Amino acid sequence: MARFKQRPNERLSKSGKGIEVSFSFTYPNGQKTTRSKTFSRESSCIDRKNWMAQERSALIVAQNPDTNTRVIRRNADFSEESAYYLTLVQKKLETFSSRQRYIRYWCELFGTRKRSSITVAELQHIQQELLTNPKPKLQTGTGQGKKWTPEPRSYSWVNQAFIALQNMYTMLDKGKNLSNPVKEIEKVPEPPLEPKGLPQALIEKIFSYIPESSSKIRVRLLSELGIGHKQLMQIEEKDIDFEHNAVVLKPRKKGDAKNLGQRKPVTERGMMAFRKMVDMGYFGTYNPSGVIAVFKRACRKTQQVFLAKGIDLKKAPPEGCGVDLNEITPYWLRHSYGTNMYLATGDLELVKNMMSHSSTEMTKRYTLAAVPAVQEEALRKYEALTRRSALLQPLSTP
């Protein structure tokens, strides 16, 4: 059991198995209230401090719901200010969960410090550290059996983290002539995105090497619906319309009212998978790692079969498809869904709606593999139209 170090507002619970955190809050009219919560002995002091800061900010916002001014105490530390900032943007941002994740990261770095002590040089050093030193990621085990493996931060993650921090500075210092060190940090140039779509014929070849099982049904549905594991787990039998070949999907993100109850058409292959799913009762949660392992084994087998025939899929077209099947995951099937849908329709707005994206900019990331073919088709149609227009143009009279 972790050793308990006494801190302000904290004490051991009566059972000795938890840490009880409590604080008092005084309203402007003099009335007092108390908040308390019991944490496990393994919880970090930063989590406990963040909880207190968030609770204080919630009480402040509750008594000043329409205020845009800074109502937290003058000497508040970073964790208190960040908690107050999150309460301000919670109802304004559609992507609040990701913004909260980035702000929590900064809380881990600057928790008890004042924002005024953060310098440009320090932020530049943090940016370089994020890009060069991979973060530790817990893979297996707990306690003494923990195993940490490195996971690199993406360029996009680093940029989004600094955008969240800059937005926090801007909102909290609104109307004040205060320095903002985050403005001095240059955006990291992101490398060009690579296409991740697979040809439908290759996807069918991969499926031929997946044995009949619940994993094969789930991989098939991931491919035919262009969704992720979380959305697939949320599907219930009552959501499937076998008469009209459609399914009602739950929102991809919690609280996403725009995509609530999205009705999506399903291919015949997808409906066959749904029928098997109903017969076998494969609804509900499952372990994605088992599905991923089955899919990767089939990908390796497919690549070996092609190599035995003298075809290297890693080569660029027309010799191959430019993809190393040993490196792909089932999420590539979502990219393939967008790619093949865009190839078939050439309508980016339609693909955006089918994939439940918030903007076409996100959809473009999923349809990169289809862009050259669609552009070539558009050019052919444009040339045909201009030739027809030239023939219909009346001759000028002298």
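Read on for an overview of the structure.

Rules used in this analysis
- Residues numbered from 1 in each chain as written.
- Predicted model: local features only at pLDDT ≥ 70, side-chain atom pairs only at ≥ 80, totals over all residues.
- Heavy atoms only, no water.
- Helix = DSSP H or I, 4+ residues; strand = E, 2+ residues; numbered from the N terminus.
- Buried < 20%, exposed > 50% of the residue type's maximum accessible area, 1.4 Å probe, protein only.
- Contact = heavy atoms within 4.5 Å.
- Areas by Shrake-Rupley, 256 points an atom, 1.4 Å probe, with all protein chains shown as cover.
- Pairing = 2+ DSSP bridges.
- Axes fitted to C-alpha atoms, helices over the stretch in contact; angles between N-to-C directions.
- Salt bridge = Lys/Arg side-chain N within 4 Å of Asp/Glu carboxyl O.
- Parallel < 35°, antiparallel > 145°, perpendicular 65-115°, else oblique.
- Nonpolar A, V, L, I, M, F, W, Y, C, P; charged D, E, K, R; others polar.
- Left-handed = near helix turned anticlockwise from the far one by under 90°.
- Phe/Tyr/Trp six-rings, centres within 6.5 Å; stacked < 30°, edge-to-face > 60°.
- Lys NZ or Arg CZ within 6 Å of the ring centre and 35° of its normal.

Here we take up the overall build of the protein chain. Check the secondary structure of the protein chain and you find 14 helices and eight strands. The buried share among the 398 residues of the protein chain stands at 37%. Here the contacts in the protein chain between residues at least 6 apart in sequence split such that 56% fall between residues at least 24 apart. Carbon and sulfur atoms provide 52% of the accessible area of the protein chain, an area that totals close to 24,400 Å².

If you walk across this open sheet you meet the three strands as β1-β2-β3, and the pairing is antiparallel. The sheet terminates laterally at β1 (10-12) and β3 (32-40), the two strands that pair on one side only. Adjacent strand axes in the sheet meet at a mean angle of 25° when their direction is disregarded. Across three bridges, the pairing between β1 and strand β2 (residues 18-26) is antiparallel. Bridge pairing in β2 links Arg 11 to Glu 20.

A word on the pattern of salt bridges. Summed over the entire model, instances satisfying the criterion amount to 15 salt bridges. The partner of Glu 224 in a salt bridge is Arg 269, with the nearest N and O atoms 3.0 Å apart. Within this pair, whereas Glu 224 is found in helix α7 (residues 214-225), its partner Arg 269 is found in helix α9 (residues 268-280), the two being separated by 45 residues in sequence. You can call Glu 224 buried: its relative accessible area is 5%. The closest approach of N and O atoms between Lys 238 and Glu 236, which form a salt bridge, is 3.9 Å. Judged by its relative accessible area of 68%, Lys 238 is exposed. A single network of salt bridges, built from pairs that share partners, joins Glu 204, Arg 220, Glu 224 and Arg 269.

Within the element layout of this structure, Gln 303 appears in helix α10 (residues 288-308). Non-local contacts of Gln 303, meaning those with residues more than four positions away in its chain, are made with Leu 313, Lys 314, Val 323, Asp 324, Leu 325 and Asn 326.

Moving on: the sheet that holds strand β7 (residues 246-249). Strand order in the open sheet made by the three strands is β6-β7-β8, with antiparallel pairing throughout. In the strand order of this sheet, the two ends are held by β6 (240-241) and β8 (262-265), each with one partner. With two bridges connecting them, β6 and β7 associate as antiparallel partners. Directly across from Asp 241, in β7, lies its bridge partner Ala 246.

On to the packing of helix α2 (residues 78-89) against helix α3 (residues 96-110), then. The N-to-C vectors of α2 and α3 enclose an angle of 175°; their axes lie 10 Å apart at closest approach. As far as their axial angle goes, α3 and α2 are roughly antiparallel. In this structure, α2 contributes Phe 78, Ser 79, Ser 82, Tyr 85, Leu 86 and Val 89 to the contact, and α3 contributes Phe 96, Arg 99, Gln 100, Ile 103, Trp 106, Cys 107 and Phe 110. Tallied by class, residues from the contact of α2 with α3 come to nine nonpolar, three polar and one charged.

Angle between the axes and distance between the axes: these two values describe a pair of packed helices. Closest axis-to-axis distance for the helix α4 (residues 120-132)/helix α5 (residues 155-172) pair is 10 Å, and the angle between their directions is 155°. Taken together, the axes of α4 and α5 lie roughly antiparallel to each other. Classified by chirality, the crossing of α5 by α4 is right-handed. For the pair α4 and α5, contact is made by Leu 123, Gln 127, Leu 130 and Leu 131 and by Tyr 155, Trp 157, Val 158, Phe 162 and Leu 165, respectively. Across the contact of α4 with α5, the residue classes break down as eight nonpolar, one polar and no charged.

Take unusual backbone geometry next. The backbone of Asn 245 sits at a positive phi, close to 50°, despite the residue not being glycine. Topologically, Asn 245 is positioned in the loop between β6 and β7. Of note in this structure, Ser 356 is not a glycine but carries a positive phi near 60°. Mapped onto the elements of the fold, Ser 356 is located in the loop between α12 (348-354) and α13 (360-366).

Moving on to the environment of Pro 288. Within the fold, Pro 288 resides in helix α10. For Pro 288 and Arg 218, which are 70 residues apart along the polypeptide, the C-alpha to C-alpha distance reads 9.6 Å. Sequence-distant contacts of Pro 288, defined by excluding residues within four places in its chain, comprise His 229 and Met 233.

This next bit is on the environment of Glu 10. Topologically, Glu 10 is positioned in strand β1. Considering only alpha carbons, one finds Glu 10 and Thr 38, 28 residues apart in sequence, at a separation of 9.5 Å.

All right, on to the packing of aromatic side chains then. Overall, the coordinates contain six aromatic pairs when judged by the stated rule. Ring centres of Tyr 105 and Trp 157 lie 5.3 Å apart, and the angle between their planes is 85°; on these two criteria the pair is classed as edge-to-face. Here Tyr 105, found in helix α3, pairs with Trp 157, found in helix α5; they are 52 residues apart in sequence, far enough to count as distant. Each of the two residues, Tyr 105 as well as Trp 157, counts as buried. When the centroid spacing of 5.1 Å and the interplanar angle of 75° are considered together, the rings of Trp 106 and Phe 162 count as edge-to-face. Within this pair, whereas Trp 106 is found in helix α3, its partner Phe 162 is found in helix α5, the two being separated by 56 residues in sequence. Overall, Trp 106 belongs to the buried group, its relative accessible area being 0%. Here a set of aromatic residues connected by ring pairs shows up, and it is made of Phe 78, Tyr 102, Tyr 105, Trp 106, Phe 110, Trp 157 and Phe 162. Here Arg 220 stacks its cationic end above the ring of Phe 207, 4.0 Å away from the centre of that ring.

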